[in-house]
Amino acid sequence: MPDTESADSVDQIVDAWERERPDLDFAPLQVLSRVWRLSRHLDRARRNSFSTSDLDSWEFDVLSALRRAGAPYQLSPKTLLEQTLVSSGTMTNRIDRLVARGLVERRTDPHDGRGILVTMTADGVARTDAAISELVTSEAALLSSLTKPDQERLAVLLRKLSRDFG
């Protein structure tokens, strides 16, 4: 266990488990318990960032995919579901709800009269831009105790770890 000044609650939990179950290697808890705790803080920060723009997380996911596509901020429903990793039924429901809120419109694909494109409205663009600005500021604050080189090293390690999860 680190010295008492740098120890955190995970160290205390791991120390207790090591005392009670010395037959197990608790090294994974040292990393993944902290990742899990950080994910809770990140989730809260994201919800707060999106709520300032009156968006839910799922709405931001769809709208940000459209925004990243660049002007005219439109994608097919199929491309949207591939980027947001949801089922087609879920995506249809999400698009319906975003249309009802005036954040996107369905338009006929000019290159395929049978196809549909989902296009962001001006309000959708404005809310998404406000939400991403708030999110970047909020997430920078979460990382503020790390130097830029530490953040870069952490990003490399997390990228390496997450490759297996898709």
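What counts and what doesn't
- Residues numbered from 1 in each chain as written.
- Predicted model: local features only at pLDDT ≥ 70, side-chain atom pairs only at ≥ 80, totals over all residues.
- Heavy atoms only, no water.
- Helix = DSSP H or I, 4+ residues; strand = E, 2+ residues; numbered from the N terminus.
- Rg over C-alpha atoms; globule rule 2.2 N^0.38 Å.
- Buried < 20%, exposed > 50% of the residue type's maximum accessible area, 1.4 Å probe, protein only.
- Areas by Shrake-Rupley, 256 points an atom, 1.4 Å probe, with all protein chains shown as cover.
- Lys, Arg positive; Asp, Glu negative; His and termini not counted.
- Charge placed at Lys NZ, Arg CZ, Asp CG, Glu CD.
- Contact = heavy atoms within 4.5 Å.
- Axes fitted to C-alpha atoms, helices over the stretch in contact; angles between N-to-C directions.
- Parallel < 35°, antiparallel > 145°, perpendicular 65-115°, else oblique.
- Left-handed = near helix turned anticlockwise from the far one by under 90°.
- UniProt positions renumbered as here; feature names shortened; annotations may be inferred.

J.: How would you sum up the overall build of the protein? Please name residues and give values.
T.: A tally of helices and strands in the protein yields 7 helices and 3 strands. Of the regular secondary structure in the protein, the N- to C-terminal order runs α-α-α-β-α-α-β-β-α-α. Whereas a compact globule of 166 residues would reach a radius of gyration of roughly 15 Å, the protein reaches 21 Å, over 25% beyond that. For the protein, the C-alpha atoms occupy an extent of roughly 65 × 30 × 25 Å along the three principal directions. Residue burial in the protein is summarised as follows: out of 166 residues, 25% are buried. Accessible surface, the protein as shown: approximately 11,100 Å² in total, 54% of it carbon and sulfur. Taking the average location of the 23 positive side-chain charges in the protein and that of its 26 negative ones, the two points are 4 Å from each other.

J.: Please set out the environment of Arg127 residue by residue, giving values where relevant.
T.: Among the secondary structure elements, Arg127 is positioned in helix 6 (residues 122-142). Setting aside anything within four residues of it in sequence, one finds Arg127 in contact with Ser53, Asp54, Leu55, Arg101 and Leu103.

J.: So what's going on with the packing of helix 1 (residues 9-20) against helix 2 (residues 27-51)? Residues and values would help.
T.: Across the interface, helix 1 lies against helix 2 with an axial gap of 10 Å and an inter-helix angle of 140°. The orientation of helix 1 relative to helix 2 falls into the category oblique. Crossing geometry of helix 1 relative to helix 2 is assigned as right-handed. Across the interface between the two elements, Ser9, Val10, Asp11, Ile13, Val14 and Trp17 of helix 1 pack against Leu29, Gln30, Ser33, Arg34 and Arg37 of helix 2.

J.: Give a description of the UniProt feature "domain: HTH marR-type" (unreviewed entry) in the protein that names residues and reports values.
T.: Cross-referencing UniProt, the feature "domain: HTH marR-type" (unreviewed entry) maps to residues 28-163 in the present numbering. In the segment residues 28-163, helix accounts for 68% and strand for 12%; the C-alpha atoms at its two ends are 17 Å apart.

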